[in-house]
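# Tertiary structure, described
Each chain is listed here by its residues.
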Amino acid sequence: MAKIIVVTSGKGGVGKTTSSAAIGTGIALKGHKTVIIDFDVGLRNLDLVMGCERRVVYDFVNVINKEATLSQALIKDKRTKDLFILPASQTRDKDALTIEGVQQVLEDLAKEFDYIICDSPAGIEKGAQMALYFADVAIVVTNPEVSSVRDSDRILGILQSKSKRAEEGKEPIEEHLLLTRYHPERVAQGEMLSVSDVEDILAIPLLGVIPESEAVLKASNQGTPVILDEEADAGFAYTDAVDRLMGEERPLRFLEVQKKGFMKRLLGG
């Protein structure tokens, strides 16, 4: 039976699509057949981050409306053997997603895939609620700032009350916190919330801390998931997060202010 994971947040711009791409890629690299679905109907960014935008012919809404089959709409990732992408539509609105349509697509995907990653739009409107409704696991992405954390707290309330599991009185969705764009220097200066501050407010298990990194923007512009960057701290941090998601223990990294070496101090770097 496939495990359905929603990557969600209350606030936009926190790195959901980057995280969906990295986590989906990381799971597939472990040999699990994985599909990432873009639920952001009308905007569509996942295909850009994954570098497959020119290969989109049919999309999620086409499949729901039976204008195309899943095999026609799924795009196989060029780099990772067990990874597929189901892009969103740019020409429809979010009302094109229906509970019945989404459920049918997920049931069909579950016959073939081990993991289904739902890349949710930000906020609490219809597209976001559709993305989380059928989830088994939720990864709540937040930045270390008050407005982002507050909005994530609201998303947790929706996960706990408006999901299919909540409606049916089943085991609650397994919740994880992914803290992105973390900058230890700014935390030390009191400009950002610390990891413990965010944990105290949201009170859900910490999956990972992704450091602020230029490599994330570079990877997005190149259409490559940052987890494949073997020199980037952010890539290592996403790998650690995937390992934890799979039940492995990994120490947290990149939380402390990095001490500059002698030459960097000498040269003002």
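These remarks concern the structure in this document. (Residues numbered from 1 in each chain as written. Predicted model: local features only at pLDDT ≥ 70, side-chain atom pairs only at ≥ 80, totals over all residues. Heavy atoms only, no water.)

## Points about the pattern of salt bridges
Put simply, the test is: Basic side-chain nitrogens of Lys or Arg form a salt bridge, by our definition, when they fall within 4 Å of a carboxyl oxygen of Asp or Glu. Buried means the residue's accessible area, taken with a 1.4 Å probe over protein chains only, is under 20% of the maximum for its type, while exposed means over 50%, and partly exposed covers the values in between.
Enumeration over the complete set of coordinates arrives at 17 salt bridges. Between Glu248 and Arg250 there is a salt bridge, and its shortest N-O distance comes to 2.7 Å. Since its relative accessible area comes to 29%, Glu248 is described here as partly exposed.

## Focus: the side chain of Ser19
Threshold: Strands here are runs of E lasting at least two residues and helices are runs of H or I lasting at least four, both read from the DSSP assignment and numbered beginning at the N terminus. We call two N or O atoms a polar contact when they sit within 3.5 Å, provided that within protein one can donate a hydrogen and the other can accept it, with sequence-adjacent residues counted only if both atoms are side-chain atoms. In what follows, residue pairs with any heavy atoms lying within 4.5 Å of each other are defined as contacts.
Position of Ser19 among the secondary structure elements: in helix α1 (residues 16–29). With a relative accessible area of 0%, Ser19 lands in the buried category. For Ser19, the side chain forms a polar contact with the side chain of Tyr238, separated by 2.7 Å. What Ser19 contacts, discounting residues up to four positions off in sequence, is Val7, Val141, Leu178, Thr180 and Tyr238.

## Looking at the side chain of Asp77
Take Asp77: it is sitting in the loop between β3 (75–76) and β4 (83–86). Here the side chain of Asp77 touches Arg79 through a polar contact of 3.0 Å, side chain to side chain. Once residues within four sequence positions are removed from consideration, Asp77 is found in contact with Met50, Leu83, Phe84 and Ile85.

## Some remarks on the environment of Ile158
Inspection of the secondary structure puts Ile158 in helix α7 (residues 146–162). If sequence neighbours within four positions are ignored, Ile158 has contacts with Ile124, Leu132 and Ser163.

## Thoughts on the sheet that holds β3
Selection rule: Only when DSSP finds a minimum of two bridges between them are two strands counted as paired.
The eight strands lie next to each other as β3-β4-β2-β5-β1-β6-β7-β8, forming an open sheet whose pairing is mixed. The open sheet has two free edges, formed respectively by β3 and β8 (206–211), since each of these has just one partner strand. By the bridge criterion, four bridges tie strand β7 (residues 174–182) to β8 in an arrangement that is parallel. In the strand pairing of β8, Leu179 is matched with Val209.

## Here we look at a positive patch on the surface
Put simply, the test is: Residues enter patches when their relative accessible area tops 30% and they take part in no salt bridge; the joining distance is 9 Å for like charges and 5 Å for the nonpolar side chains Val, Leu, Ile, Met, Phe, Trp and Tyr. Surface exposure here means Shrake-Rupley accessible area, sampled with a 1.4 Å probe, where a residue is shielded only by the protein chains that are shown. Working convention for charge: Lys and Arg count positive, Asp and Glu count negative, and His plus the chain ends are omitted. For this purpose, a charge sits on NZ of Lys, CZ of Arg, CG of Asp or CD of Glu.
On the surface, a cluster of positive charge is contributed by Arg54, Arg55, Lys76 and Lys78. Overall, the relative accessible area of 38% leaves Lys76 in the partly exposed class.

## A short note on the environment of Leu217
Mapped onto the fold, Leu217 is located in helix α11 (residues 214–222). Along the primary structure Leu217 and Thr18 are separated by 199 residues, whereas in three dimensions their C-alpha atoms are 9.2 Å apart.

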